[in-house]
Each structure stands twice: as structure tokens, then as C-alpha cells.
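Analysis of the macromolecular model
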Amino acid sequence: PEDIRVYEFAEKLKRPMSDIIKVLFDLGMMMTKNDFLGADEIEILSEEFGVEVTIIDPKDEFNYVEEAESQEEEGEERPPIITIMGHVDHGKTSLLDAIRKAKVTEDEAGGITQHIGAYTINQHGREITFIDTPGHAAFSSMRQRGTDITDIIIIVVAADDGVKPQTEEVIKIAKDSGAPIIVALNKMDKETANPDLVKGQMAERGISPVDWGGDIEFVPLSAKTGMGLDDLLENILLTADILELKASPDANAKAAVVESSLEKGRGPVATVIVQNGTLKVGDNVVCGKAHGRVKALINENSKQIKSVPPSHTAVVVGLNEVPAAGEIMMAMKNDKEAKEYAQKRYEYDRHKELSKSTKSTLEDMTSMI
Ligand code: GDP
Ligand code: MG
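Residues numbered from 1 in each chain as written. Chains lettered and ligands numbered in written order. Predicted model: local features only at pLDDT ≥ 70, side-chain atom pairs only at ≥ 80, totals over all residues. Heavy atoms only, no water.

If you check an unreviewed UniProt entry, the protein appears there as Translation initiation factor IF-2 from Sulfurimonas marina.

Okay, the site of ligand 1 next. Near ligand 1, the surroundings consist of 15 residues, among which Asp89, Lys92, Thr93, Ser94 and Asp189 are the closest. Measuring from an oxygen atom of ligand 1, one finds a side-chain N or O atom of Lys187 at 3.0 Å. Here an oxygen atom of ligand 1 sits 2.9 Å away from a polar atom, N or O, in the main chain of Ala223. Protein coverage of the free-state accessible area of ligand 1, which is 580 Å², stands at 72%. Among the elements that take part in the shell around ligand 1, helix H5 (residues 92-103) stands out by supplying 3 residues, more than any other. Class assignment of the residues belonging to the shell around ligand 1 gives a composition of 2 nonpolar, 7 polar and 6 charged. (Near = heavy atom within 4 Å. Polar contact = N/O pair within 3.5 Å; in protein donor to acceptor, adjacent residues only side chain to side chain. Areas by Shrake-Rupley, 256 points an atom, 1.4 Å probe, with all protein chains shown as cover. Helix = DSSP H or I, 4+ residues; strand = E, 2+ residues; numbered from the N terminus. Nonpolar A, V, L, I, M, F, W, Y, C, P; charged D, E, K, R; others polar.)

Another aspect to go through is the pattern of salt bridges. Scanning the entire structure with this criterion turns up 19 salt bridges. Its salt-bridge partner being Lys254, residue Glu48 comes within 3.1 Å of it at the nearest N-O pair. Taken as a pair, Glu48 in helix H3 (residues 39-48) and Lys254 in strand S9 (residues 254-263) lie far apart in primary sequence, 206 residues in all. The residues Glu48 and Lys254 share a single accessibility class, namely buried. (Salt bridge = Lys/Arg side-chain N within 4 Å of Asp/Glu carboxyl O. Buried < 20%, exposed > 50% of the residue type's maximum accessible area, 1.4 Å probe, protein only.)

A few words on unusual backbone geometry. Notably, Lys187 is not glycine yet its phi reads approximately 65°, a positive angle. Looking at the secondary structure, you find Lys187 in the loop between strand S6 (181-186) and helix H8 (195-204). You will see that Ser311, though not glycine, has its phi angle at about 70°, which is positive. As for its placement among the helices and strands, Ser311 is situated in the loop between strand S15 (307-308) and strand S16 (313-319).

Bringing the sheet that holds strand S3 (residues 118-123) into the picture now. As summarised here, the arrangement of the 6 strands in space is S3-S4-S2-S5-S6-S7, forming an open sheet in which the pairing is mixed. Because the sheet does not close on itself, it has two edges, and the strands there are S3 and strand S7 (217-220). For this sheet the average axis-to-axis angle between neighbouring strands, irrespective of direction, equals 30°. In terms of strand pairing, S6 meets S7 through 4 bridges, oriented parallel. Its bridge partner being in S7, Ile182 is matched across the sheet by Glu217. Running over the sheet, helix H9 (residues 229-243) touches strand S2 (81-86), S3, strand S4 (126-131), strand S5 (152-158), S6 and S7 and is turned about 100° from S4. (Pairing = 2+ DSSP bridges. Axes fitted to C-alpha atoms, helices over the stretch in contact; angles between N-to-C directions. Contact = heavy atoms within 4.5 Å.)

Set out below in C-alpha cells:
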């Protein structure tokens, strides 16, 4: 195991090398394809990718790939994670609010609902998680880090206004991300709504409606009247079925920060969406340069909860500093490990600042391989 190189490890896991390098990078370790992985790095990587790695005698028949495959099959279905994008005033906030209001199951105890940057709804017994962050800072920051958590992108276009500059930007982002796209034709309640015009404009930009022989679903709806909301949610679930989204609830938690702030009385807080594993109160976590022990997990009904399963969301209290949106939070074995990784990351960031090579971004690194 001491003599496995980054690219060999990637091959064993059947993962792109850039994924491996990015994970190491996020933990503050600059490695390129020919670098050797130590036992520590192998351990972190295996946790990260939810693979059980057994360090073995070469004669043994067991190998990483078999393990990786068996783990994947064992994964359990998880709810899809959705990001809504679109031109200003086309109705993103209205749509997110309408879905939340219609579908979030409120606590019987009736806690005060609080905006926490993401929420999970229940559609006929199945769950869907929406990222509800203004400006989608987390989305772009995650894309930069290569740890995009969005499974499906909804592009909202106001049917009375059509494709606008930001719609064009969003189309590009959505295409680049490779995530499936669903188009929400909003404001259908308006007399001036012209869905065919929008379909034509979108088709010209490579977003072809299914009813025109293309492969993108266009769902007419109104965030104002609620018309079409169920169709949108059903479409999301159908798309999710095709994606076969899975995660292992028993793995060590890995979560993405969608919002963060410093709160009076609570200190640094971060809203996270769990990608894999289950985040629990008491977990020792590292999150970029920040680390800490999860003191409390709070849901959007302001209720304290004990744990957060995959694709679910909560506010995490207990970090020593505010992590950036888009940062990845990982549960570590113990307090010492969490501190060590946070320290490594801190040193790496400092080094990057000092060495003026501020332009040496992740993109540069991956293009070097
Ligand atoms: P955002 O900038 O994309 O978040 O758009 P908003 O949700 O803030 O909506 C912009 C404006 O359009 C607001 O005045 C909304 O009330 C209005 N609006 C949003 N959805 C609809 C809709 O389905 N029908 C109508 N008539 N107005 C809508
Ligand atoms: Mg808005």
C-alpha cells in the first residue's frame, strides 16, 4: 500500500483521477498523479468515496474494486437534491416558497419555521431536497471545488418574458454541470404567457422540449396559483428514478455547506446538506479550515435533531469558525484528526496566499495531470 500512486488508486476505484486529487486538495494536500499515497491518505480517500479498503498482502485475492462495487450496491436510495435557477424576477423565490408552503410537513409541535438555506419536502411519501440559497453562492463555489451536490437543475423561465441574459448564463452552467435539466415555465396564469415562444427560444439554445422531439421536460406552472407544482415534483421524481441516487447512511458523514454565518449566542453555524453517511450530534468534524464537535443540529422548524441522513439538511452548531459556502464537512475519527486536517488546510490556504500563486486554482491543478 505504501507504493500505490494517485493514478493507480484512481484506477482501482474506477474513479477519475481528478476526483481523487480534488479530495486531497480539499483537505489541503497538494498531490499530482505520480505521488505516492500514504496509509493516512488511503484511509481518508476510502472514507470519502465510501469504499472499504483493506490493506493486504499482494497474494491475497481481495481487491479495492470488488469492495468498491459491493459498497455501491449496498447503498440506499436517497432523495434528489434540486437547485432552481433563472433570470431575476422570473419567479425562483416564489416557486421555492410555493413548494415549501404546499409540501413541507410541519412539526406537530408547531416550531417556528426558519429559513435555513435548504429544505426537504414530502411528495406522496417520497422526499425531495431543495437548495434555497439566494444567489446560489454555494452552487458556484461548489462547482469551483468540483463538489457540486445538485442532482437536478430546474431552470425557471417566465412564460410572459422568455429567455433573458441570465437565462442564457444558467443554460450554460446547467449544461456544464452535466446534471439533468427540467424547465419550469412559470407565470402561466398571466394572459401574456406564451409557452411556445419560450420553447422555441430554449430549443434554439439546445434545450429541446420533449413534446418537440427533444429530451428536456418543460412543465407549465404558476408559482402564484400553485398550478403545475405537482407536475414539476412528479417530473423531478421520475428524473431521480433514472439517476438511481444512492448513499450509505452508515458511512462517516460527508456534507456540503450551503449557507453559513456567525450567530449571536450560537457562534459559527453552517447549514449543510448531507451527501453520504449520517451526521450526528457529537461527531468530530472538519470543514475546510474550521473544525469542531457537533454540539447541536437544528432543523428548519427550529427543532433540535439527533442526526441527519443522506440528502437531508440541518444547521450545524459547534464549529470553531465560519466555513465558506461550498465547503465540505467531514466526520473524522476523533477530535485530534479533525484538528489536524483543519490545520493542514489552514497552512495550505496561507501558503497559497503568501506564494502569490493565487491564480493556481483547482482548474490549473487538474489540467496539469
Ligand atoms: P426571482 O427574482 O426569480 O426570485 O423572482 P420572484 O420570485 O421574486 O418573483 C418576481 C415577481 O414575479 C414577484 O413580484 C412575484 O410575485 C411574481 N411572480 C412570481 N411567480 C409568479 C407567477 O407564477 N405568476 C405571477 N402572475 N407572478 C409571479
Ligand atoms: Mg429571488
